[in-house]
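An overview of the molecular structure
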Amino acid sequence: MEKYIPVVVIKELGETDKILTALKDAGIQTAEITFRTACAAQAIEYACKKYPEMNIGAGTVINAKQCEAALKAGAQFIVSPGLSVAVAKCCRENNVPYYPGCVTPTEIMQALGLGITTVKFFPAGVYGGLKALKTLAEPFPQIKFIPTGGVDRNNMDEFLAFDKVEAVGGSFLVKEALEKMEEK
């Protein structure tokens, strides 16, 4: 897994090329396209066809219907803000990685019970950041985390230095990539 997972919100399909090109130019080969917009499934399908070298996933997937649409569009991984048993089942049946949001021991135990060992820690800033991750990692040494929400350029290296952090995510990665592109 890549160490950076940009959270990509595509409001109009036409934005897809600019955003994904900016990410690639910044050396990032992964994009979590959120299911917060009407064109999300279209954007995922387009991205998977036009950028086959990239790892394109779907984010903010909150139910099985969205998960099925994302997988039909070609999503290579699924991310949720919380843990959905229905989404976990859909991903397992389709052999696609699922990264549910888990911030409590109970949620982590439920994820483990579903066979999930990498979880999104969201919103990381609100739920105690790196200090909380280190505390949660003690009783759950088999779990890896993807902190998102409250992760930025100022603290991402601290998160990545912790061996239980698989990757960091956030929309700041998209913003930075677009700013670099505009500077050229």
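Quick summary incoming for the structure in this document. (Residues numbered from 1 in each chain as written. Predicted model: local features only at pLDDT ≥ 70, side-chain atom pairs only at ≥ 80, totals over all residues. Heavy atoms only, no water.)

**A look at the side chain of Lys164**
Along the chain, Lys164 falls in the loop between α7 (156-161) and β8 (168-170). There is no salt bridge for the buried Lys164, and the closest opposite charge comes from Asp163, which lies 4.9 Å off by N-O distance. Within the local environment of Lys164, its side chain forms a polar contact with the backbone oxygen of Pro141, the two atoms lying 2.6 Å apart. In this structure, Lys164 is in contact with Ala137, Pro141, Ile143, Lys144 and Phe145, ignoring residues within four places of it in sequence. (Helix = DSSP H or I, 4+ residues; strand = E, 2+ residues; numbered from the N terminus. Buried < 20%, exposed > 50% of the residue type's maximum accessible area, 1.4 Å probe, protein only. Lys, Arg positive; Asp, Glu negative; His and termini not counted. Salt bridge = Lys/Arg side-chain N within 4 Å of Asp/Glu carboxyl O. Polar contact = N/O pair within 3.5 Å; in protein donor to acceptor, adjacent residues only side chain to side chain. Contact = heavy atoms within 4.5 Å.)

**Points about unusual backbone geometry**
Residue Pro123 is reached from Phe122 by a cis peptide bond, and omega for that bond is -10 degrees. Its location among the elements puts Pro123 in the loop between β6 (118-121) and α6 (129-137). Unlike most non-glycine residues, Asn95 shows phi in positive territory, near 55 degrees. Its location among the elements puts Asn95 in the loop between α4 (85-93) and β5 (98-99). A relative accessible area of 71% places Asn95 in the exposed class.

**Quick word on helix α1 (residues 15-25)**
Along α1, the residues classified as buried are Thr16, Ile19, Leu20, Ala22 and Leu23. Burial along α1 is one-sided: seen end-on, the buried residues are contained in an arc of 155 degrees. In this structure, the buried residues of α1 make contact with β1 (4-8), β2 (30-34), α2 (40-50), β3 (55-59) and α8 (172-183). Just downstream of α1 lies Gly27, where phi reads positive at about 85 degrees. (Arc of directions from axis to C-beta.)

**Some remarks on the nonpolar core**
Looking at soluble globular proteins, one finds that nonpolar side chains tend to be buried together. Ranked by size, the top nonpolar core spans 61 residues in total, and within it Leu23, Ile44, Ile56, Ile78 and Phe145 carry the most contacts. If we ignore the near neighbours within four places in the chain, the residues touching Ile78 are Ala58, Val61, Cys67, Ala70, Leu71, Val87, Cys91, Val96, Pro97, Tyr98 and Tyr99. Grouped together as the second largest cluster of nonpolar side chains are six residues, Ile5, Phe77, Tyr99 and Ala167 included. (Core = buried A, V, L, I, M, F, W, Y, C linked by side-chain atoms within 4.5 Å.)

**Description of the packing of aromatic side chains**
What the rule picks out here adds up to two aromatic pairs. Look at Phe121 and Phe145: their rings are 6.1 Å apart centre to centre, the planes differ by 85 degrees, and that puts the pair in the edge-to-face class. Of this pair, Phe121 sits in strand β6 while Phe145 sits in strand β7 (residues 144-147); the two residues are 24 residues apart in sequence, bridging distant segments of the chain. Residue class for Phe121 comes out buried when judged on its relative accessible area of 0%. The residue whose ring lies beneath Lys120 is Phe122, and the NZ or CZ to ring-centre distance is 4.7 Å. (Phe/Tyr/Trp six-rings, centres within 6.5 Å; stacked < 30°, edge-to-face > 60°. Lys NZ or Arg CZ within 6 Å of the ring centre and 35° of its normal.)

**Considerations on helix α3 (residues 64-73)**
Where α3 is concerned, the buried positions are Gln66, Cys67, Ala70, Leu71 and Ala73. The buried residues of α3 occupy one face: seen down the axis, they fall within an arc of 160 degrees. In α3, the exposed positions angled more than 90 degrees off the buried face are occupied by Lys65 and Lys72. Its buried side turned inward, α3 meets α2, β3, β4 (78-79) and α4. Gly74 sits one or two positions beyond α3 and adopts a positive phi of about 110 degrees.

**Re the side chain of Thr30**
Looking at the secondary structure, you find Thr30 in strand β2. Among the polar contacts listed, one links the side chain of Thr30 to the side chain of Glu2, at a separation of 2.7 Å. Those residues in contact with Thr30 that lie beyond four places of it in its chain are Glu2, Tyr4, Ile5, Pro6, Leu23, Met54, Asn55 and Phe77.

**Regarding the environment of Thr118**
Position of Thr118 among the secondary structure elements: in strand β6. Considering only alpha carbons, one finds Thr118 and Ile143, 25 residues apart in sequence, at a separation of 5.7 Å. Beyond its immediate stretch of four places on either side in the chain, Thr118 contacts Tyr98, Tyr99, Pro100, Lys144, Ile146 and Glu166.

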